[in-house]
Amino acid sequence: MISALRNEVSRWRFYHHFRTDADSLLRQPQIGVQTEVLAQDGSDIAASLQTILEIGDDALLRETISTAFRGASLVIEAADTLFSLSLHTPGLLRPLQARELSDGQLRFLCLCAALLSPRPPSLLALNEPETSLHPDLIDSLGQLMVRAAEHTQLWITTHSRALAESIERHSGIRRVCLHMLEGETRISSSSD
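The rules behind each value
Residues numbered from 1 in each chain as written. Predicted model: local features only at pLDDT ≥ 70, side-chain atom pairs only at ≥ 80, totals over all residues. Heavy atoms only, no water. Core = buried A, V, L, I, M, F, W, Y, C linked by side-chain atoms within 4.5 Å. Buried < 20%, exposed > 50% of the residue type's maximum accessible area, 1.4 Å probe, protein only. Helix = DSSP H or I, 4+ residues; strand = E, 2+ residues; numbered from the N terminus. Contact = heavy atoms within 4.5 Å. Phe/Tyr/Trp six-rings, centres within 6.5 Å; stacked < 30°, edge-to-face > 60°.

1. Things to note about the nonpolar core
Counting residues in hydrophobic clusters, the biggest one holds 46 residues, and the most contacted among them are I45, L49, L61, F69, L85 and L115. Secondary-structure elements contributing two or more residues to this core are α2 (45-55), α3 (58-68), β3 (73-79), β4 (82-88), α4 (103-115), β6 (123-127), α5 (138-148) and α6 (161-171). Counting residues per element, this core draws most heavily on α4, which supplies 9 residues. The contact partners of L61, leaving out residues within four places of it in the chain, are L49, I52, L53, L74, C112 and L116.

Structure, rendered in structure tokens:
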């Protein structure tokens, strides 16, 4: 019984922060191997996205990126054993390489890889996924979360009212709101 519980808990995934500074591994070419589960730090983002394109829900990934980035398309290039990612955006003469993407764009791509994993966990926890995202990306993220919830239990903590409202609108499920009152955390309905 304890072994079964340990195995179940070990398959849960928690994503708290994706480092996106100039030296971040997200901005560097990475070894290209089939990667069904995004690393906790997102360091295998290009391989994770390529795996989704090959054996996952590539149509949903492409649709989400196109909607979120106004017609952009994901490009994964292989050079020898290294994968690199870029976004081809309408109106630009060349794709933007990972090193040129904003922190929010990179984080959004990491969230896509986590939420569209070809091997979804029984529980996926995302802590403040809205961090550094442009407000225009919030509804696309909310829609993607609702779609991902068809295959995994999601636990999302957010300070973004827009994200909570997007999830509620697309899922029909009321959000749980926590409020600090006289030093205590209390649960209230979304309408309070």
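2. With respect to the packing of aromatic side chains
Applying the stated rule across the entire model yields 2 aromatic pairs. With centroids separated by 5.7 Å and ring planes inclined at 35°, the aromatic side chains of Y15 and F18 adopt a geometry described as tilted. The exposure class assigned to F18 is buried, which follows from its relative accessible area of 5%. With 5.4 Å between their ring centres and 80° between their planes, F69 and F108 make a pair best called edge-to-face. With a gap of 39 residues between them, F69 in the loop between α3 and β3 and F108 in helix α4 connect regions that are remote in the sequence. Accessibility classification places F69 together with F108 in one group, the buried group.

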